[in-house]
Structures are given as structure tokens and as C-alpha cells.
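# Inside the fold
Below, each chain spelled out in residue letters.
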Amino acid sequence: RHRYEVNPEKVEQIQGAGLRFTGKDETGTRMEVAELSRAEHPFYLGVQYHPEFKSRPIRPSPPFHGLLLAATGQLDAFMEAQMAGAPAVKKVKRAEGGDSKVGDQVWS
């Protein structure tokens, strides 16, 4: 298994340049999640773990869900709704004459 690690002596310097380490291992020394601010990039996230192992077609893991929301211009609305306590999934009314077999739930 290959693992890339951030030199703990460089963390402060790296964060000072704009890359935030938002997730660490249980000891607090290994950086597991890194992000750029939304002001710098619409969606920039790096993780050491494997989110694809927890993703399902109708329940994507948070990194994939966030990427999809950002790519479709829905991330801001989703984050605002989450801060207000809204559920992650909402029911939507299908368009008249719609023949979609996917279902009536969408990520919002």
C-alpha cells in the first residue's frame, strides 16, 4: 500500500499558502483531508481514504456528492439548506409527460 504524507513540519507553511487540512488521523499528526477555500476554487478536495468504497448510485459518499453538486451549480443551495437543518434528499414533482424511470428523488 502506498501512502503519501505531509511533513508535519511543513503544515503551517502549507496552510499559510491557502491549502487547509480539514481532516487528520486519530493522533492529529497525519493529514487526511485537504481543501482549498471556495474563494480559491469552486470545489477542491483531496482525501487519503477511499470514498468510492462507500458510494452507491443513489447514496454517493460526501466527496462525490459535493463534486456533483458543485459541477451542477447546486452546492451553495445545498450547503445553505444543510445549515438550516434540511434533509439531504427531497421529493420533487415530475414534469408533466415525463417518462423518467429513475424515480422521484433528487439530491438538492
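Described in the following lines is the structure provided in the data block. Sequence positions are assigned chain by chain, starting from 1 and proceeding in written order. Residues qualify for local features only when their pLDDT is at least 70, as the model is predicted, and side-chain atom pairs are given and counted only at 80 or more; totals for whole chains, interfaces and linings, by contrast, use all residues. Hydrogen atoms and water are omitted, and side-chain values are computed over all heavy atoms in the structure.

## Re the overall build of the protein chain
Heads up, the condition is: Strands here are runs of E lasting at least two residues and helices are runs of H or I lasting at least four, both read from the DSSP assignment and numbered beginning at the N terminus. By definition, residues are in contact when any of their heavy atoms lie within 4.5 Å. Here the open area of atoms and residues is found with the Shrake-Rupley method and a 1.4 Å probe, where only the protein chains shown may cover a residue.
When helices and strands are counted, the protein chain shows three helices and five strands. Listed N to C, the secondary structure of the protein chain is α-β-β-β-α-α-β-β in terms of helices and strands. If you take every contact in the protein chain between residues at least 6 apart in sequence, the share linking residues at least 24 apart comes to 23%. With the model as given, the accessible surface of the protein chain reaches about 8,600 Å², and the carbon-plus-sulfur share is 55%.

## Considerations on the environment of Val-11
By secondary structure assignment, the location of Val-11 is in helix α1 (residues 11-16). Setting aside its immediate chain neighbours within four residues, Val-11 contacts Val-6, Phe-21 and Met-31.

## Re helix α2 (residues 62-71)
Formally: Burial here depends on accessible area, computed with a 1.4 Å probe over protein chains only, as a share of the maximum for the residue type. Under 20% is buried, over 50% is exposed, and the range in between is partly exposed. Directions drawn from the helix axis to the C-beta atoms are what define this arc.
Looking only at α2, the buried set comprises Pro-63, His-65, Gly-66 and Leu-69. Angular distribution of buried residues about the axis of α2 spans 160 degrees; they occupy a single face of the element. Every exposed residue of α2 that faces more than 90 degrees away from the buried side is listed here: Leu-68 and Ala-71. Downstream of α2 by a residue or two, Gly-73 has a phi angle that is positive, lying close to 75 degrees.

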